[in-house]
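# Coordinates in review
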Amino acid sequence: MSTSLVYRSALGYELVMRLLYGANYGERMRAVAELVPPGSSVLELCCGPGTLQRRHLEERAGAYVGIDINPRFVAQLRRRGVDARRVDLAEDDPPLPDADVVMMQASLYQFLPDAGRIVERMLAAAGDRVIIAEPIRNLASSRLPLVGRLGRRGTDPGVGQAAHRFTEESLDALLGAYRDRVIEAFKIPGNREKVYVLAARRPPAPASSTRDPRRSRRSGTAGDP
Ligand SMILES: C[S@@+](CC[C@H](N)C(=O)[O-])C[C@H]1O[C@@H](n2cnc3c(N)ncnc32)[C@H](O)[C@@H]1O
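Residues numbered from 1 in each chain as written. Predicted model: local features only at pLDDT ≥ 70, side-chain atom pairs only at ≥ 80, totals over all residues.

Time to look at the environment of Ala 177. Take Ala 177: it is sitting in the loop between α7 (168–175) and β6 (182–187). Judged by the 11 C-beta atoms lying within 10 Å of it, Ala 177 falls in the exposed class. For the pair Ala 177 and Gly 116, spaced 61 residues apart in sequence, the C-alpha to C-alpha distance is 9.3 Å. (Helix = DSSP H or I, 4+ residues; strand = E, 2+ residues; numbered from the N terminus. Buried ≥ 20, exposed ≤ 12 C-beta atoms within 10 Å, placed from the backbone.)

Let us look at the sheet that holds β6. Taken in spatial order, the seven strands line up as β3-β2-β1-β4-β5-β7-β6 in an open sheet, and their pairing is mixed. Since the sheet does not close on itself, it has two edges, and those belong to β3 (83–86) and β6, each with one partner. Here the average twist between neighbouring strands, direction ignored, is 15°. Bridge count between strand β5 (residues 126–135) and strand β7 (residues 193–199): seven bridges; the pairing is antiparallel. Bridge assignment links Arg 129 to a residue of β7, and that residue is Ala 199. Strand contacts of helix α2 (residues 23–34): β4 (99–105), β5 and β7, with the helix running at about 10° to β7, the strand carrying the most contacts. (Pairing = 2+ DSSP bridges. Axes fitted to C-alpha atoms, helices over the stretch in contact; angles between N-to-C directions. Contact = placed C-beta atoms within 7 Å.)

Once that is clear, we can look at the confidence of the model for the protein. Summarising the model, the protein shows a mean pLDDT of 84, and 75% of its residues fall at 70 or more. The low-confidence segment residues 209–219, where pLDDT is below 50, has 17 contacts with residues more than four positions distant or belonging to other chains. (pLDDT = per-residue confidence, 0-100.)

Laid out in structure tokens, this is it:
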């Protein structure tokens, strides 16, 4: 499996993201974290090196599970004591672990052309809300040569470069199918990314326990350690 340099270390990854997104990277993380009700259990899909968890959710979330295909990121997170699981979300299809908040940042494009399938899986796992933050400007076609090269080459976590990206129109078209569930939708300053918050389908877990142990122990849940 050949993995783009960007995905070989958490530090390298974060440096490249800062180069590509500048201040917007931190702003997106802050904006997304503020959408997590304090004390909620969180499932983050395509969590990467766990930047959101480390910077914003360590205190705020009641529990956190991160899923990613990249074994380096998963191993690094586990060394920090984070419940990180290696799952190929494009291939493996068992139900996702339940959580109050199920989220994904800057990763939905990797599931095109059938991104609706992963959105459905997220909705099935969420007890309160689904949060999706997605780039709507394709940096791979940037006129700045370095940014364009990183944007193109930096998308291969070891499963091949993603062939498709979202525009605002195509993201709105996909998530428009859930318009009756949209709690809010807004662009991050800089207009490079858009955030959608969808209301969950099933009722939230009782306040006394953020997770139902019977559900989290069921067999065949994606990413069971
Ligand atoms: C652009 S990065 C975003 C990381 C993080 N969410 C962030 O915003 O910094 C995309 C992430 O998706 C992961 N990924 C790509 N394809 C995946 C798949 N099929 N299943 C699970 N994770 C995947 C990559 O390993 C990478 O960490």
